[in-house]
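# Per-entry structural report
Here is what each chain is made of, one letter per residue.
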Amino acid sequence: SEVQIILNAKIQEGSYIEIMDFPYPKSLFKNGKWFGEIKITLGYNPPLDSDYGQEYCRTNIDLSLGTYSVDEETGEVKYSGEVPLEKKWYDKYEKHQVENGFKWNPIKAYHRKISRGISGDGWKLRLDCVGRLGVNYVEQDVLIVINIKDPDGGDIYSEIINELTEKAFVHQELIVNNSIRLRN
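This report concerns the structure included in the present document. Here the structure is a predicted model, which means the values were calculated and not measured. (Residues numbered from 1 in each chain as written. Predicted model: local features only at pLDDT ≥ 70, side-chain atom pairs only at ≥ 80, totals over all residues. Heavy atoms only, no water.)

## So, the sheet that holds strand 2 (residues 16-19)
Taken in spatial order, the four strands line up as 2-8-5-6 in an open sheet, and their pairing is antiparallel. Each edge of the open sheet carries a strand with a single partner, namely strand 2 and strand 6 (77-83). Neighbour-to-neighbour, the strand axes of this sheet turn through a mean angle of 30°, independent of strand direction. Pairing geometry for strand 5 (residues 59-70) and strand 6, over six bridges, is antiparallel. If you follow Val70 over to strand 6, its bridge partner there is Val77. (Pairing = 2+ DSSP bridges. Helix = DSSP H or I, 4+ residues; strand = E, 2+ residues; numbered from the N terminus. Axes fitted to C-alpha atoms, helices over the stretch in contact; angles between N-to-C directions.)

Rendered as structure tokens:
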């Protein structure tokens, strides 16, 4: 009823990465809406420079997982960020992003339970990287952990594995061994 996807990527300041048709369980699409529970953790190792005081973190990476729809007449793709929720105009000020949106923080965690459903043709993952003062930095590693859960307990794990294979994602299963020790 739950699947965890771990993505490793490299991104350079001033660039972005998009994954259209992100593998999201089709069984969570009911009555024209998407459901489920999503947890995302983003981690990266930004360049640091103590010469800049409290602005020592020199790059910021933002992540967004959301739905998209294609206008049949114009072919225009419309995107709606769902995790985290897309920012409103008043949320776009730097101060608000630092205080409430983890801006300049190299570890970010988001959670959303979608119980009323959201519309869209499919899912898209987007990463953006910006640097301070417009200085270009070398590319940096990014690690993303996405956990998707079916609130009804359906088998979405097998579904995601099949989607990853269909969409030619290079993937492998991580084997986790748990050992339980009992003391008498």
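## Some thoughts on the pattern of salt bridges
Here the structure, examined in full by the defined rule, presents nine salt bridges. Ionic pairing is found between Lys26 and Glu163, a salt bridge with its closest N-O pair at 3.7 Å. Taken together, the residues Lys26 in the loop between strand 2 and strand 3 (29-30) and Glu163 in helix 2 (residues 156-166) connect sequence positions 137 residues apart. (Salt bridge = Lys/Arg side-chain N within 4 Å of Asp/Glu carboxyl O.)

## Notes on the nonpolar core
With 30 residues, the main nonpolar core has Ile38, Trp123, Ile144 and Ile146 as its most contacted residues. When residues of this core are traced back to their parent elements, those giving at least two are strand 1 (2-11), strand 4 (33-44), strand 5, strand 7 (107-118), strand 8 (122-131), strand 9 (140-149) and helix 2. Here the element with the most residues in this core is strand 4; it accounts for five residues. Filtering out sequence-adjacent residues up to four positions away, Ile38 remains in contact with Tyr24, Leu65, Val83, Tyr110, His111, Arg112, Ile114, Trp123, Ile146 and Asn147. (Core = buried A, V, L, I, M, F, W, Y, C linked by side-chain atoms within 4.5 Å. Buried < 20%, exposed > 50% of the residue type's maximum accessible area, 1.4 Å probe, protein only. Contact = heavy atoms within 4.5 Å.)

## Digging into the packing of aromatic side chains
Taken as a whole and judged by the stated rule, the model has four aromatic pairs. The interplanar angle of 20° and the centroid separation of 4.2 Å between the aromatic rings of Tyr24 and Trp123 together place this pair among those described as stacked. With a gap of 99 residues between them, Tyr24 in the loop between strand 2 and strand 3 and Trp123 in strand 8 connect regions that are remote in the sequence. Owing to a relative accessible area of 1%, Trp123 belongs among the buried residues under this scheme. On the numbers, 4.6 Å between centres and 50° between planes, the contact of Phe29 with Trp34 is tilted. Exposure remark for Trp34: the relative accessible area of 5% places this residue in the buried category. What links up through ring pairs into an aromatic cluster is the set Tyr24, Phe29, Trp34 and Trp123. (Phe/Tyr/Trp six-rings, centres within 6.5 Å; stacked < 30°, edge-to-face > 60°.)

## Here we look at the side chain of Asn147
Tracing the chain through its elements places Asn147 in strand 9. One polar contact links Asn147 to Glu2, side chain to side chain, over a distance of 2.8 Å. Residue contacts for Asn147: discarding those within four places in its chain leaves Glu2, Val3, Gln4, Glu37, Ile38 and Lys39. (Polar contact = N/O pair within 3.5 Å; in protein donor to acceptor, adjacent residues only side chain to side chain.)

## Here we look at helix 2
Since the α-helix packs 3.6 residues into each turn, any two residues three or four apart lie on the same face. Taken together, the buried positions of helix 2 are occupied by Ile156, Glu159, Ile160, Glu163 and Leu164. Looking down the long axis of helix 2, one finds its buried residues gathered within 135° of arc, a one-sided arrangement. On its buried face, helix 2 is in contact with strand 1 and strand 9. Two or three places before Tyr157, at the start of helix 2, stands the capping residue Asp155, its side-chain oxygen 3.4 Å from that residue's backbone nitrogen. The first or second residue beyond helix 2 is Ala168, which carries a positive phi of 60°. (Arc of directions from axis to C-beta.)

It is worth stressing that arrangement in space is one thing and function is another; only the former is reported here.
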